[in-house]
Each structure stands twice: as C-alpha cells, then as structure tokens.
Amino acid sequence: MFLKFSGLLVLGSLLYTVDASVVTNIPSAVDIPNSKGNSNTTTSAVNVTVDQTIFKLPSEIDEDELLHETGLFMKSLMNLEVDPCENFYEYACGNWKTSERVPTSGRKDSILRVIQSEINDLIVVFLKNSTKESKTAEGKAKVFYASCVTGGKDINVGLKTMLDNEKDTFGKLKLPGKNDWIPVNFMSPYNVFPLLPLSVNYSTISRQFEISINNPIPVLKNFYNTSQADELLQKLGQVAQEFKTMLEFEKNLTAKVSNRDFNERLNLHEFLEQHQKDAIDWKLLFKTAFGDSYQPEWYVNNKISNFTDLERFLRKSPTENLRNYVKWRTLVKFFNIWKTELPNDEKREQVCRQHTETYFTYGILPWFIEYLYDAERREDSLCIAQTVLQSFLNITENYSWLDEDTKSEIAAKLQAMDIMVGYKDDMRHRQLSDQIYSDLEVNGDWFKNLLTLEANHARIRLHSVHKTVVPPILSPYSVNAFYADYINTAFVTMGISQMPLYHQRFPASLKFGGLGMLIGHEMAHALDSNGYHINYEGKPYNWSSSSARHFKEKTRCLENQYNKFIYHGIQTNGSATMPDNIADNTGARLAHHSYMELYGQYEGHDKPLPGLEYTNNELFFIKMAQTWCTGRDDSFRVQHMKTDAHAYAEFRVLGPLRNMPEFSQTFQCRLGSQMNPLKKCVVW
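All values reported here derive from a predicted model rather than from experimental measurement.

**Student:** Lay out the overall build of the protein chain in plain terms, naming residues and giving numbers.
**Tutor:** Helix and strand content of the protein chain: 26 helices and nine strands. In terms of C-alpha radius of gyration, the protein chain reaches 27 Å, essentially the compact-globule figure of 26 Å for 684 residues. Its C-alpha atoms give the protein chain principal-axis dimensions of about 85 × 65 × 50 Å. Burial statistics for the protein chain: of 684 residues in total, 58% are counted as buried. In the form shown here, the protein chain has an accessible surface area of approximately 28,800 Å², with 46% of it arising from carbon and sulfur atoms. Positive and negative side-chain charges in the protein chain, numbering 73 and 82 respectively, have mean positions lying 6 Å apart.

So, in structure tokens, the structure goes:
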C-alpha cells in the first residue's frame, strides 16, 4: 500500500488514533529481525537454519553470514528456467510460493506483508512480557494489552459498563430547560455529537485543525442493515425496543437539513456575525463544546445550508429521545470496536496488538527504536533518501521538453521537499513517553480501559483546534512509505527499513534496488498525474501549455502500455493506476540513477553475495523485482486488478523495467524481446 501523507510526529499529535478522516489528499508504498528483543537470538554471528528464515535474522550478525544468507534467500525465490528477457518477474519471483526460506504462512502472501507479520509478532512478544512497573508508558501498554487478551470476551459486560457510564454521565448533566438539546448533544465524552455533528479535522488549506459542522447521518439505519445489528439487539434485550423508536427519530433528524452547494469557511468571529439571526444559540453551542477556551480566530467549516428546521425539531423533541439517540450512537460506536474481538487466542493476540498500537503508539516506540531501528539505520536510510531526491532534481533539470519556468517550479518543489525518516529524536526517550501517558489510569478491566482511552482521544481532539500539528495516518511500525502533497513531505516508516528488504551492511545495489526504489516511488508522487500541478506550498499552479502538453503525451504513452497488461481477461486500468504507474517507473529510474552515480560505475561488476553469481548491477534489478514478490491466488489477483489503485505486483516489475534501457543492457536483452520493446515510455 502506498499513501500520499506524512505524519509530523510532534508532541501535540502523539495520542491521536490512526484516523485517515482527519485529513484529505492521501495516496501511498519493508526487515524486521529478531534482535535484542528476542531471547531466542544472540548478538553474535549465528548459524541460521531454514526454519529460522532470513526474516528472523538478528540485527547484529557477521557480515559474511549476512551476505551468505541473503544470497541463499534471493536465489531461492528465483525461477532460473525462465528467460529474464521474456518475463523478469517470473525469473526473479517464480519460486516464491515454494521457497523453504519463506515462512510457510507467507508463501501465499507478499514479501512486504510477511515483513509486516514478523513485526506484528515481535510486538506481541514484547507486549506479552510481564512487567512489575505499571506506571510507565510501556507498563501501561502491557497492562492494557493483557486486559484485552484476558477480558472483553463477554460483550454483555461491556454493554453494562457502557450503559452504567451513560446513566452516570446523564445524571450529572445540567439541563436549563431551554436548548436542552445542546448539552445532550455533547454529553458523550467519546467524540459522538450526533444531533448536530461537530468534528475537529485537519485542514490542508490552513495546515491546522479546524471545526467542521456536518449534516446528521443515518448511522443507526446503516448499522441496522448489517449482520452485527441482530447480535447487539439480542444482547440488549428489553432495551433494544428503543431501537426502532430511534430509527424513526434518526429518519426525521436527517431529513431536516440539506447540504450547501459550497462549504462555508469563516473564522469563528465571522461565523457568529454571519449567523447571529439563526435560531441556534451558537455561542452557547461553542461554549458547551469547548468551554471558555474558544477563540475568534478559529476556523469553522459549515456544510449545512439552513438550521431552522433542524433547530425546531431538536427543541421540540423530548429530552428522553435526544438522550436515547446519543446513547445508541455511542453504543454502536463501541460495538463496532468490540465486534473485532475473536475467540481464537492467536487472532485475539493480533487484534489486541492493533488496539495497543492505536492507543499506545508512542508508549512502545522507545523499545522499538532501541531494538529494531537504531540511529545508524535511521541515518543510513536518510542518506539513501537524500541521494534519491538529488537524482530527481538532476534528472528533471536535464529534460529539454520542460520550459525554464516549469523547470524552476519543479526545482523549487523538489528542493523544498522534506524527508521524515522514522521518528523525531525526542521520541527515543522513555521519560517523554511516560509523560505523555502520565494522566491515564489503566487496569485489568478491558471495557473500562477502552472507555478511558476513547475519552482521552476525544478530549485531545477537541483541544487541538488551531494547532499546527498533523496526526500520523500510518502506524510508525507499518511497512510503508508515503508522501503528503500539501506539506510536500516524503515519510519513511521504521517498518520499511527491515530485513530482508534492507540491512545497513547490504551492498549498495540491494539498498537502492529495494528501499531506494520505494522511497523514489513516494517522492515521484510529487510530480505524478495528480501532484504535478501542486507547488512546493501545496497550492495549485499551472505549467506552461507546452510543458503540460508534453507531460500529457508521456502519461498517455504509459497509460496505453499498462492497458495491455491483462490477466484472465481482466485488463489493467492504465488511467486509474496512472499516479502509481508514474511513481513505480520513476522510483525505479531514480534509485538506479542514484546507485550508478555513487557505486555502480565503481563496483557494478563485483559479485558480493556468495553462492549467487550475479554482479551488483544485476542484483539491483533482481532486488527491485523481488520487493514485489507475491503468492496471492487468482481470485485475489483478479479482484486487485478490478479495484486497486496500483497495478498488480507482476506488472509493477514488468512495466518499469521494460521502459529502462539500463535493464536491457545489463541482462543483454535483444531489442524486440518482451523486456526490451521497441517503444518505451518515460515520464520522469
């Protein structure tokens, strides 16, 4: 998966859940050794068994042993009976599904997902290790994880906890008799404000969090049409009789408003001036939501055209109906979390790991950095990224089809591109991590823990208006990299710089063929078919007519090329996959250019991997292809081709390499062969 967003890991955003709804414009692209955190490995050179696999090599390993095992692994994936000039994907990855050096469970999956699975398993092992210290961030994360694994299996307990909490909350509510719907709307501490939905979301315009006023939506109706609804209603027994009443209430509620043709965006002072004649007491509403802290410079995005009918309906509705609707919306919110709980112990461990990563992302970060992503690896990954970015700048400066003004705009964007690798320096320190979670009380009760943490997330979100922090869209442990066009930033997660995709002591051919290619892919999104007309500030700008015409001709060539990739009668959609096709082709070319500039011309003919008689120049392309190895079945492949924004893995190899004369030269492919067609398509 490849996204178009980067998380700026700053203190104000540390406790957000991974929530893609808070931002817009998100497109996206891994080595996890069992190191110090695994008691089954040592820090000295080891004799690796087939059962251990290269995915479980310790970080601190003798270089000869590392290169030997890497060569055996890469060779085990290859089908040497295939002509590399006819189908290089099959040549490089043809034995993935049968390789004994791939974990059995991963042979029907992709190499990147196997790496992710290894990371997930290591995090589970860490969380399962008991601790006597429950006051630290790590300790609280482990207590929370244990409460999830051992508790939470009886949803009836969760429902009772939830309903008891709701009664207590409502009992403390002050209802003035007029505008009762306003305090009831904000009675839930879990970011559920359904009568007049209000949310705090990140704006790519101001690059701050802003308030959004949204239309009520038919959540209960949509939930009622799912298979889980019957389960919840049965568990609630007599209380479930309210549900049909609430369905009718919701139907009337959602009918009272309509969308504006264009969203109204005003600062709070302007909004109050503009809407002072509304039936709604806006000052009371904002004070109820934010206390006395709301400021006139805050921005409000309003999506509702008229509030008169909605206000009248809410004012005339019985308080009990208002309360019950908020209660049911809150129940559905938590039931959607509870329903992921599975009886199978192994699956439950992974579900609880996901919950713990969500709520304690930065609580376990110091451990992950210490054992799986040291400073040297981070610095090396950053150097690779900086080298690839410089190649991008050099390549675009030499294109004659771009006029000077367009070149200048492109250069400004690439020179201003920020690169975020792994984490901010402060997050290495457990003291800061402990401070972040210092106010949270966690115990052995899963359901109460969940209420506490959800309320904490909601509180932080409401206190983030007008702050210039960006919440992380992806977990830092994910095997991914991504680019954010509106802040012109490429982000490289810690998970992507793990074995067997990357090791600090790999030869440069493997570093650039794997990690370098993926980083180049993300940077290329800055000038893909969506991003090319966005400048370095994230604002639209227009290329000259001549440059734009040439760009579209080049993308049309690529589109036609990918349209010819067909499997079982299903055609690759060259138009829908265009942004990532550009990124794939450009990423491969940038990584190769970087490698050749720094290393290839000096050591390209060396053969660094014992037992694998390939030069560095050849290994670059083998590594690039093997980064996309997969063993998914036909049904998955067909579904992917119909729905995914990326071309299928095989075509992510064949497409770029067919367009690279450097590949054909390296493997001596005759002109006109499958991997060396007469017509080649190059955008960047």
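Still to come is the rest of the account.
**Student:** Mind laying out helix H8 (residues 228-236), listing which residues take part and the relevant values?
**Tutor:** When we look at burial in H8, the residues that qualify are Ala229, Leu232, Leu233 and Leu236. When H8 is viewed along its axis, its buried side chains cluster within an angular range of 95° and face the same direction. On its buried face, H8 sits against helix H5 (155-171), helix H7 (219-224), helix H9 (241-254) and helix H13 (319-338). Taken from the residues just after H8, Gly237 is the one with a positive phi, measuring 60°.

**Student:** Break down the packing of helix H22 (residues 578-603) against helix H23 (residues 616-626) for me, citing the residues and quoting the values.
**Tutor:** Two elements in contact, H22 and H23, have axes separated by 10 Å at closest approach and are oriented at 155°. One way to sum up the angle between H22 and H23 is to call them roughly antiparallel. Read as a crossing pair, H22 and H23 show a hand that is right-handed. Across the interface between the two elements, Ala588, Ala591, His592, Tyr595, Met596, Gly600 and Glu603 from H22 touch Asn616, Asn617, Phe620, Phe621 and Met624 from H23. A breakdown of the residues in the contact of H22 with H23 according to their chemical character gives seven nonpolar, four polar and one charged.

**Student:** Outline the state of the cysteines, supporting the account with residue identities and numerical values.
**Tutor:** Summed over the entire model, instances satisfying the criterion amount to four disulfides. Sulfur-sulfur distance for the disulfide between Cys85 and Cys669 comes to 2.1 Å. Because the sign of the S-S torsion sets the handedness, a value of about -85° for the bond joining Cys85 and Cys669 places this disulfide among the left-handed ones. Placement of Cys85 in the loop between helix H1 (63-77) and helix H2 (88-93) and of Cys669 in the segment after helix H26 (661-667) is noted, with a sequence separation of 584 residues between them.

**Student:** Any details on the pattern of salt bridges? Residues and values, ideally.
**Tutor:** Considering all chains together, one arrives at 21 salt bridges under this definition. Between Arg101 and Glu69 there is a salt bridge, with the nearest N and O atoms lying 3.0 Å from each other. With Arg101 in the loop between H2 and helix H3 (111-128) and Glu69 in helix H1, the pair connects residues that are 32 residues apart, well separated along the chain. On the basis of relative accessible area, Arg101 is assigned to the buried category, the value being 19%. You can call Glu69 buried: its relative accessible area is 5%. Residue Arg632 pairs with Asp109 through a salt bridge whose shortest N-O separation is 3.3 Å. In this pair, Arg632 is assigned in the loop between H23 and helix H24 (634-643) and Asp109 in the loop between H2 and H3, connecting sequence segments 523 residues apart.

**Student:** Give me the side chain of Ser464: which residues, what numbers.
**Tutor:** With respect to the element layout, Ser464 can be found in the loop between helix H19 (446-462) and strand S6 (481-484). On the accessibility criterion, Ser464 (2% relative accessible area) is buried.

**Student:** Go over the sheet that holds strand S1 (residues 198-203) with me, naming the residues and quoting the values.
**Tutor:** Sheet strands pair via backbone hydrogen bonds, and the direction of the pair is either parallel or antiparallel. On the basis of which strands lie adjacent, the open sheet formed by four strands has the order S1-S2-S4-S3 and mixed pairing. Two strands close off the open sheet at either side, each with one partner strand: S1 and strand S3 (259-267). Shown here is a sheet whose adjacent strand axes are inclined to one another by a mean of 25°, direction ignored. As judged from the three bridges shared by strand S2 (residues 208-213) and strand S4 (residues 299-304), these two strands associate in the parallel manner. Across the sheet, Ile211 pairs through a bridge with Val300, a residue of S4.

**Student:** Help me get a handle on the packing of aromatic side chains, residues and values and all.
**Tutor:** Inspection of the entire model under this criterion finds 44 aromatic pairs. Relative to Trp367, the ring of Phe126 has its centre 4.1 Å away and its plane inclined at 10°; by these criteria the two rings are stacked. You can see Phe126 sitting in helix H3 and its partner Trp367 sitting in helix H15 (residues 365-372), a full 241 residues away along the chain. Summarising the burial analysis for this pair, Phe126 and Trp367 share the class buried.

**Student:** Just give me the short version of the environment of Tyr502, but keep the residues and values in it.
**Tutor:** Mapped onto the fold, Tyr502 is located in the loop between strand S7 (489-492) and helix H20 (508-524). The class of Tyr502 is buried, set by a relative accessible area of 0%. Linking Tyr502 and Gly513, residues 11 residues apart in sequence, is a C-alpha distance of 9.7 Å. Of the polar contacts made by the side chain of Tyr502, one reaches the side chain of Asp380; its length is 2.5 Å.

**Student:** Any chance you could break down the pairing of S6 for me, citing the residues and the numbers?
**Tutor:** The side-chain alternation of S6 yields two buried faces, one formed by Ala481 and Tyr483 and the other by Phe482 and Ala484. Direction of pairing for S6 relative to S7: antiparallel, over a ladder of four bridges. Residue pairing in the sheet places Phe482 in a bridge with Phe491 of S7. Hairpin connection between S6 and S7: a loop of four residues separates the two successive antiparallel strands, and Asn488 in this loop has a positive phi of roughly 50°.

**Student:** Lay out the environment of Ala649 in plain terms, naming residues and giving numbers.
**Tutor:** Among the structural elements, Ala649 can be located in helix H25 (residues 649-658). Separated by 42 residues in sequence, Ala649 and Lys607 have C-alpha atoms that sit 27 Å apart. Ala649 has contacts with Tyr89, Trp628 and Thr630, leaving out every residue within four places of it along the chain.

**Student:** Give me the lowdown on the sheet that holds S6, citing residues and values where you can.
**Tutor:** Pairing is mixed in the open sheet, where three strands are placed in the order S5-S7-S6. Bordering the open sheet on either side are strand S5 (418-421) and S6, each of which pairs with just one other strand. Ignoring which end each strand starts from, the neighbouring axes of this sheet average 15° apart.

**Student:** So what about the side chain of Lys142? Which residues, and what values?
**Tutor:** For Lys142, the location among the structural elements is in helix H4 (residues 137-150). Other than its neighbours up to four places away in sequence, Lys142 contacts Phe126, Leu127, Asn129, Ser130 and Thr131.

Definitions and cut-offs
Residues numbered from 1 in each chain as written. Predicted model: local features only at pLDDT ≥ 70, side-chain atom pairs only at ≥ 80, totals over all residues. Heavy atoms only, no water. Helix = DSSP H or I, 4+ residues; strand = E, 2+ residues; numbered from the N terminus. Rg over C-alpha atoms; globule rule 2.2 N^0.38 Å. Buried < 20%, exposed > 50% of the residue type's maximum accessible area, 1.4 Å probe, protein only. Areas by Shrake-Rupley, 256 points an atom, 1.4 Å probe, with all protein chains shown as cover. Lys, Arg positive; Asp, Glu negative; His and termini not counted. Charge placed at Lys NZ, Arg CZ, Asp CG, Glu CD. Arc of directions from axis to C-beta. Contact = heavy atoms within 4.5 Å. Axes fitted to C-alpha atoms, helices over the stretch in contact; angles between N-to-C directions. Parallel < 35°, antiparallel > 145°, perpendicular 65-115°, else oblique. Left-handed = near helix turned anticlockwise from the far one by under 90°. Nonpolar A, V, L, I, M, F, W, Y, C, P; charged D, E, K, R; others polar. Disulfide = S-S within 2.5 Å. Salt bridge = Lys/Arg side-chain N within 4 Å of Asp/Glu carboxyl O. Pairing = 2+ DSSP bridges. Phe/Tyr/Trp six-rings, centres within 6.5 Å; stacked < 30°, edge-to-face > 60°. Polar contact = N/O pair within 3.5 Å; in protein donor to acceptor, adjacent residues only side chain to side chain.

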